[in-house]
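Geometric and topological summary
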Amino acid sequence: MIKDLHGVKASVNFALTLLLTLIGYMAAAQQSNPAFKFKTIVIDAGHGGKDPGAHGEYSLEKDVALAIAKKVDQLIENTVPGLKVIMTRTTDRFIPLNRRAEIANENNANLFISIHCNSSPEGTAERTHKERGVMLLVYGFHRKEEQMEALRENASIYIEKDYQKTYGGYSESDPTSLIVLNTFMQKYRKQSILYGQILNNEFVNEDGRRSRGVKEQGVLVLAHSAMPAVLVETGYINNPAEEKYLNSQAGQEAIAAAIVHALKVYRGQIDSR
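Right, let's walk through the structure included here.

About the thresholds
- Residues numbered from 1 in each chain as written.
- Predicted model: local features only at pLDDT ≥ 70, side-chain atom pairs only at ≥ 80, totals over all residues.
- Heavy atoms only, no water.
- Helix = DSSP H or I, 4+ residues; strand = E, 2+ residues; numbered from the N terminus.
- Buried < 20%, exposed > 50% of the residue type's maximum accessible area, 1.4 Å probe, protein only.
- Contact = heavy atoms within 4.5 Å.
- Pairing = 2+ DSSP bridges.
- Axes fitted to C-alpha atoms, helices over the stretch in contact; angles between N-to-C directions.
- Core = buried A, V, L, I, M, F, W, Y, C linked by side-chain atoms within 4.5 Å.
- Arc of directions from axis to C-beta.
- Polar contact = N/O pair within 3.5 Å; in protein donor to acceptor, adjacent residues only side chain to side chain.

With that out of the way, let us pick up the overall build of the chain. Of regular secondary structure, the chain possesses nine helices and six strands. Here the chain holds 273 residues, and 47% of them are scored as buried. In the chain, 81% of the contacts between residues at least 6 apart in sequence involve partners at least 24 apart.

Right under this line is the structure:
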């Protein structure tokens, strides 16, 4: 029994030491080089290739999403110097959902934005009260085990490069390591919601768009992203008025501008913490 207590005490002490060291490391990194903390973003144009997504009277979600994604990429290049943009696709091709998150994880992205169009159950049928507006989705906390696996696989990215030497007994299978992973997961959830709220404010207050707000759902494309991630439902493609807006140059530019301006505000808030 005493041996077991010693083991528990050692495990707890190890966990606390690991967590405190990690927090100290993160704080030191932020103070020493805040300008380079936020440097990579992944823009994901939803669907593509054999997967057309939702459709309106004359357009497909995959095409609208790609057009907006390209405008976001170009706008970031023109107005946000030093920020690297990675596109999951730049052409009409199919990419599996898990591969999209892998691209973000492999590039140690600081934010993952997936661009989509919404659709209501009645499809393109004539109906007086069709849905309209934007909606922002973050990964549902009730599905945290899926995201935990992504964080576990990428654990060494978020700790010192020599974490195995530093922490000695650190093991991804050790329950104490879950304290660290949970810390990151909570942090990413809060940051995902933060970006979603900032972008929602842009859509509503600056563009006058109706919004269904920021919601937590078990969205598969966000499930394995080991970073803050938001899926942007840019509008209802099966609503004739919204389809026209989503396909217009002015509409796509306004959506792209909102995404990028929200990104600048978000980046400023993250870098100042």
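Glancing now at the sheet that holds strand E6 (residues 229–236). The sheet built from six strands is open, its strands ordered E2-E1-E3-E6-E4-E5 with mixed pairing. Each end of this open sheet is capped by a strand with a single partner; those strands are strand E2 (84–87) and strand E5 (211–217). Strand after strand, the sheet turns through a mean of 20 degrees between neighbouring axes, direction not considered. Of the pairings in the sheet, the one linking strand E1 (residues 40–45) to E2 comprises four bridges and is parallel in character. Paired with Val42 across the two strands is Ile86, which belongs to E2. Across the sheet, helix H3 (residues 97–106) touches E1, E2 and strand E3 (111–118), and the angle it forms with E1 is around 165 degrees. The sheet contacts of helix H9 (residues 249–271) involve E1, E3 and E6, and relative to E3 the element is tilted by about 155 degrees.

Here is a general trend for soluble globular proteins: nonpolar side chains tend to be buried in one another's company. Of all hydrophobic cores here, the largest spans 41 residues; its most connected members are Val72, Ile113, Ile115, Tyr195 and Leu199. For this core, the elements supplying multiple residues, two or more each, are E1, helix H2 (61–79), E3, strand E4 (134–139), helix H6 (177–206), E6 and H9. Counting residues per element, this core draws most heavily on H9, which supplies nine residues. If we skip the residues at most four places from it in the chain, Val72 touches Ile43, Ile115, Ala256, Ile259 and Val260. The next biggest cluster of nonpolar side chains, apart from the first, holds 16 residues, and it includes Tyr139, Leu222, Ala223 and Ala229.

If you check which residues of helix H8 (residues 240–247) are buried, you get Glu242, Glu243 and Leu246. For H8, the angular spread of buried residues about the axis comes to 105 degrees, placing them on one side. In H8, the exposed residues that point more than 90 degrees away from the buried face are Ala241 and Lys244. Those residues of H8 hidden inside the fold are in contact with H2, E3, E6 and H9. At the N-terminal end of H8, a side-chain oxygen is found 3.0 Å from the backbone nitrogen of Ala241, two or three residues along, and the residue is Asn239.

Turning to the side chain of Asp44, a few remarks are in order. Along the chain, the position of Asp44 falls in strand E1. A polar contact of 2.5 Å, which involves the side chain of Asp44, links it to the side chain of Ser114. Contact partners of Asp44, with chain neighbours within four places excluded, come to Thr88, Arg100, Phe112, Ile113, Ser114, Ile115, His116 and Val221.

Along E6, eight of the eight residues are buried, which leaves the element largely enclosed by surrounding structure. Direction of pairing for E3 relative to E6: parallel, over a ladder of six bridges. Each bridged residue has a counterpart across the sheet, and for Ser114 the counterpart in E6 is Leu231.

The values are spatial; any link to function lies outside them.
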